[in-house]
Amino acid sequence: MFPIRSRQRRYRWPLITGGLIVCNLLVFCWELSQGDALPQTISTLGLRPAFFASYWWAPSPTVWVPLVSSMFLHAGWLHLLGNMLFLWVFGGNVEDRLGHARFFVLYFLAGFIAAFTQVFVSMDSLAPLIGASGAIAGVLGGYLFLFPRAKVLTLIVLIVFPIFLELPAILVLLMWFATQFVSGVASLETGEALYGGVAYWGHIGGFIGGALLTLMLDTHTTTRNL
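Parameters at a glance
Residues numbered from 1 in each chain as written. Predicted model: local features only at pLDDT ≥ 70, side-chain atom pairs only at ≥ 80, totals over all residues. Heavy atoms only, no water. Helix = DSSP H or I, 4+ residues; strand = E, 2+ residues; numbered from the N terminus. Expected span 1.5 Å × (residues − 1). Buried < 20%, exposed > 50% of the residue type's maximum accessible area, 1.4 Å probe, protein only. Contact = heavy atoms within 4.5 Å. Disulfide = S-S within 2.5 Å. Salt bridge = Lys/Arg side-chain N within 4 Å of Asp/Glu carboxyl O. Phe/Tyr/Trp six-rings, centres within 6.5 Å; stacked < 30°, edge-to-face > 60°. Lys NZ or Arg CZ within 6 Å of the ring centre and 35° of its normal. 1 Å grid on protein atoms, 1.4 Å probe; cavity = no way out; pocket = protein on both sides within 12 Å on 5 of 7 lines; lining within 4 Å. Points joined across faces, edges and corners; volume = space filled by probe spheres on them. Nonpolar A, V, L, I, M, F, W, Y, C, P; charged D, E, K, R; others polar. Pairing = 2+ DSSP bridges.

Asker: Quick question: what am I supposed to make of helix α1 (residues 15-32) here?
Answerer: Residues lying three or four places apart along an α-helix face the same way, a consequence of the helix completing one turn every 3.6 residues. Its 18 residues give α1 an end-to-end C-alpha distance of 26 Å, which sits within 8% of 26 Å, the value for a rise of 1.5 Å per residue. Those residues of α1 that fall on the buried side of the exposure criterion are I16, T17, G18, L20, I21, N24, F28 and E31. Among the structural elements, α2 (38-45), α5 (77-98) and α6 (100-121) are those in contact with the buried residues of α1.

The following block contains the structure:
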């Protein structure tokens, strides 16, 4: 299931959403330029749960910088483009509703909540966490709270046949969350911190955190246009 476009109307250019996409693309191009040094770069700038859990109290850049830098690193083109697609489809409307400043706060705070959640469930893991998906999960949670009845043009692939359907946002996002939750539970049962290489609990934490943050940040509750 791939969201293609939100039918919810926007009234202003999504400055922060667009800026975040550009930053992620530029950082990925920088990653490609690292060559053989890329694994060390990922290890240094990615968030390692065991290291962070052991030294979170230390006022050191090596501890706290990866909390932000990891949100702009990606493992490949598919990882990057998938994340940017979700950010573009859902981020613009959330930014339009909250305003640029509050959307900026939502994005990064949700990313931090996602990181803390994944660190909590995988404190023994030294595998670096990278990717914007935790923060973007927060944007999805915010979208679900703000526009549950909006229509989302969605691509569904049945075997080899692509089908485009307009589905309610509440259905698309709850189905997405359900897949993350099922996979997150499976990761606990198998003991794999990154189940299939994916930090599912970071997605879960980011989504719930984003919904709660949006509840606090939204100042138009009484005039919400669903």
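Having seen it, we continue.
Asker: I would appreciate a short explanation of the state of the cysteines in the present structure.
Answerer: Counted under the stated rule, the structure contains zero disulfides. C29 supplies the cysteine sulfur nearest to C23, a cysteine that is in no disulfide, at a spacing of 12 Å.

Asker: What is the right way to look at the pattern of salt bridges in this model?
Answerer: Between side chains of opposite charge, a pair can form when the charged atoms approach closely. This structure, assessed with the given rule, holds three salt bridges. The partner of R97 in a salt bridge is D218, with the nearest N and O atoms 3.3 Å apart. Here R97 is found in helix α5, whereas its partner D218 is found in the segment after α9 (200-217), with 121 residues between them in sequence. Note on R97: relative accessible area 10%, which makes it buried. Given a relative accessible area of 7%, D218 falls into the buried group.

Asker: Just to check I follow, could you spell out the side chain of T214 for this structure?
Answerer: Considering the arrangement of structural elements, one finds T214 in helix α9. Residues within four places of T214 in sequence aside, it is in contact with L98, L106, G142, F145 and L146.

Asker: Mind showing me how you'd approach the packing of aromatic side chains here?
Answerer: Geometry of an aromatic ring pair is reported as the spacing of the ring centres plus the angle between the planes. Applying the stated criterion to the full structure yields 16 aromatic pairs. Here the aromatic rings of F177 and F207 are separated by 4.9 Å at their centres, their planes lie at 35°, and the arrangement is tilted. Residue F177 is located in helix α8 (residues 169-190), and its partner F207 is located in helix α9; the two are separated by 30 residues in the primary sequence. For the pair F177 and F207, one class covers both residues: buried. By way of ring pairs, the aromatic residues W176, F177, F181, W201 and F207 are connected into one cluster. Above the plane of the ring of F51 lies R48, whose end atom (NZ or CZ) is 4.7 Å from the centre.

Asker: Just checking my understanding: could you explain empty space enclosed by the protein for this structure?
Answerer: Any empty space left between atoms is shown by rolling a water-sized probe over those atoms. Taken as a whole, this structure holds one cavity of 30 Å³ or more when the rule is applied. Each pocket or cavity is described by its volume, and for the largest cavity that value is around 50 Å³. If you go around the largest cavity, the residues you meet are S43, T44, G46, L47, R48, F51, F52, T62, V63 and P66. Counting residues per element, the lining of the largest cavity draws most heavily on helix α4 (residues 61-69), which supplies three residues. Residue composition of the lining of the largest cavity, grouped by class: five nonpolar, four polar and one charged.

Asker: How do you make sense of the pairing of strand β2 (residues 151-158) when you look at a structure like this?
Answerer: Looking along a regular strand, one sees the side chains alternate between the two faces of the sheet. Of the strand pairs in this sheet, strand β1 (residues 2-6) and β2 are connected by four bridges, and their pairing is antiparallel. For R5, the partnering residue across the bridge sits in β2 and is L153. Sheet topology places β2 next to strand β3 (residues 161-168); eight bridges connect them, and they run antiparallel. Counterpart to T154 in the pairing with β3 is L165. Where β2 folds back on β3, the antiparallel hairpin that results is connected by two residues, among which I159 adopts a positive phi of roughly 60°.

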